[in-house]
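A closer look at the structure
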Amino acid sequence: MSKFVPGESVRIRDDYPPGHIRTPVYLRGKRGVVTRYFGDFANAEVEAYGRRGPRKGVYGVLFCAGDLWGDYKGPAHDVVEADLYEHWLEKLA
Amino acid sequence: MSAHEHDHGHADDHDDHRGHDHNAPPQPDDKVHSYYQILGIALKELLIEKGIVAAADVRRNIEARDAITPANGAQVVARAWVDPAYKARLFADGNAAAAELGFVIANTKLVAVENTSDEHNVVVCTLCSCYPRDLLGLPPSWYKSRAYRARVVREPRAVLEEFGTMIPDDVRLRVHDSTADMRFLVVPRRPVGTEGMSEEALAALVTRDSMIGVAAIDPPKL
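Residues numbered from 1 in each chain as written. Chains lettered and ligands numbered in written order. Predicted model: local features only at pLDDT ≥ 70, side-chain atom pairs only at ≥ 80, totals over all residues. Heavy atoms only, no water.

For chain A, the helix and strand inventory stands at two helices and five strands. Listed by position from the N terminus, the elements making up chain A come as β-β-α-β-α-β-β. Computed over the C-alpha atoms, the radius of gyration of chain A is 14 Å, within 12% of the 12 Å expected from 2.2 N^0.38 for a compact globule of 93 residues. C-alpha extents for chain A along the principal axes are approximately 45 × 25 × 20 Å. Residues counted as buried form 47% of the 93 residues belonging to chain A. For chain A, the proportion of contacts with a sequence separation of at least 24, taken over those separated by at least 6, is 61%. Of the roughly 4700 Å² that chain A leaves accessible, carbon and sulfur atoms contribute 53%. (Helix = DSSP H or I, 4+ residues; strand = E, 2+ residues; numbered from the N terminus. Rg over C-alpha atoms; globule rule 2.2 N^0.38 Å. Buried < 20%, exposed > 50% of the residue type's maximum accessible area, 1.4 Å probe, protein only. Contact = heavy atoms within 4.5 Å. Areas by Shrake-Rupley, 256 points an atom, 1.4 Å probe, with all protein chains shown as cover.)

This is the structure we're talking about:
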């Protein structure tokens, strides 16, 4: 079941838990836009320790390169897209 | 030279070249293994010693891995260029489209992204080295380097320029960071002057780097 829809604005959790985390640090706390729902996948954060847990939705999230890097030198339309687990996405009002 | 290049490349280069004759052939046996390489070798030896796997199994698996080459991906790209219905299926379900040509992609989801006159895609895994190995084989060593992984999300146009690839400012650059189970295949633009070419001849034009997105495809030589 998808919890977010394409076009929806989200904020990535600004959180730094220990462990096998697949959300790159450079995206934490940043705002992006959901591009697509890829499906539900095994949660790598749990699987990395040989445990099983509920599958998590994974979404493509698009970020403006200029929002990620204060000193980005390319054109304003350049983007970075990452595949993020649903528990890292926060809804924006 | 940027700070990144200095941090991630310069010191290593010098370590590699220290104390040997540049005219002598490389001596892989002289290499000092890293902690994790030693761990990997020890694990393999233990698995063999305990009879869990045989040395021949390990060798066969390496052979099977090495048999996968970018030519497989090139066939997928060429088919997508000549067959619009196949192209639609490729973008809808990459695994199923690859399977149509006999390429089995296990455990990951193949996602094709298309380079157009408006958008250029490039792929990285900033966390490690995720790559569509089941379709393209093993990634090039630079793809796994800290320099590429750190820089291509931060200054992608500068990195592409170092590959000889100039993306005009009116073309949007889209960097895909493979952080989960998706594996991205860039479908490069079909070069001009290839209108009458066969699918097989087209596939021969498609390079590994063009399917990662660090290069465009050169037009065929006349």
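Before going further, it helps to spend a moment on the overall build of chain B. The number of helices and strands found in chain B is 12 helices and four strands. Evaluated residue by residue, chain B yields a buried proportion of 38% over its 222 residues. Within chain B, contacts between residues at least 6 apart in sequence are counted, and of these 67% link residues at least 24 apart. When the accessible surface of chain B is split by element, carbon and sulfur atoms take 54% of a total near 12700 Å².

Counting residues at the interface gives 24 residues for chain B and 24 residues for chain A. Across the contact surface, chain B and chain A share three salt bridges. A salt bridge links Asp 71 of chain A to Arg 154 of chain B; its shortest N-O distance comes to 3.2 Å. Our enumeration of links across chain B and chain A arrives at 14 residue pairs in polar contact (both at pLDDT 80 or more). Only strand 1 (109–114), helix 9 (146–154), helix 10 (156–162), strand 3 (172–177) and strand 4 (182–187) of chain B provide two or more residues apiece to the side of chain B that touches chain A. By residue number, the principal contributor to the side of chain B that touches chain A is strand 3 of chain B, which donates six residues. Across the side of chain B that touches chain A, the residue classes tally to 11 nonpolar, four polar and nine charged. Across four bridges, strand 4 (residues 79–85) of chain A lies against strand 3 of chain B in parallel orientation. Across the sheet, Val 80 of chain A pairs through a bridge with Val 175 of chain B, a residue of strand 3 of chain B. (Salt bridge = Lys/Arg side-chain N within 4 Å of Asp/Glu carboxyl O. Polar contact = N/O pair within 3.5 Å; in protein donor to acceptor, adjacent residues only side chain to side chain. Nonpolar A, V, L, I, M, F, W, Y, C, P; charged D, E, K, R; others polar. Pairing = 2+ DSSP bridges.)

Okay, the packing of aromatic side chains next. Counted according to the given criterion, the structure contains nine aromatic pairs over all chains. A connected cluster of aromatic rings, assembled from ring pairs, spans Tyr 131, Trp 142, Tyr 143, Tyr 148 and Phe 163 of chain B. The ring of Trp 88 of chain A is capped by Arg 13 of chain A, whose NZ or CZ atom sits 4.1 Å from the centre of that ring. A cation over a ring is seen here: Arg 79 of chain B above Tyr 86 of chain B, with NZ or CZ 5.7 Å from the ring centre. (Phe/Tyr/Trp six-rings, centres within 6.5 Å; stacked < 30°, edge-to-face > 60°. Lys NZ or Arg CZ within 6 Å of the ring centre and 35° of its normal.)

The next point concerns the sheet that holds strand 1 (residues 9–12) of chain A. Strand pairing in a sheet is mediated by backbone hydrogen bonds. Such pairs are either parallel or antiparallel. Across the sheet, seven strands lie side by side as 5(A)-1(A)-2(A)-3(A)-4(A)-3(B)-2(B); this open sheet has mixed pairing. The strands lining the two open edges of the sheet, one partner per strand, are strand 5 (89–91) of chain A together with strand 2 (119–124) of chain B. Averaged over all neighbouring strand pairs, the angle between strand axes comes to 35°, with direction disregarded. One ladder, built from seven bridges, connects strand 3 (residues 56–64) of chain A with strand 4 of chain A; its direction is antiparallel. Along strand 4 of chain A, the bridge assignment pairs Val 58 of chain A with Tyr 85 of chain A. Against the sheet, helix 9 of chain B makes contact with strand 4 of chain A together with strand 2 and strand 3 of chain B, and its axis sits at roughly 150° relative to strand 2 of chain B, the strand it touches most. (Axes fitted to C-alpha atoms, helices over the stretch in contact; angles between N-to-C directions.)

A few words on the confidence of the model for chain B. Here chain B averages 90 in pLDDT, while 90% of its residues score no lower than 70. A low-confidence stretch, residues 1–17 of chain B (pLDDT under 50), is modelled with 16 contacts involving residues beyond four sequence positions or located in other chains. (pLDDT = per-residue confidence, 0-100.)

So, on to the layout of surface pockets. Volume-wise, the second largest pocket comes out at about 350 Å³. A breakdown of the residues in the lining of the second largest pocket according to their chemical character gives 11 nonpolar, five polar and three charged. (1 Å grid on protein atoms, 1.4 Å probe; cavity = no way out; pocket = protein on both sides within 12 Å on 5 of 7 lines; lining within 4 Å. Points joined across faces, edges and corners; volume = space filled by probe spheres on them.)

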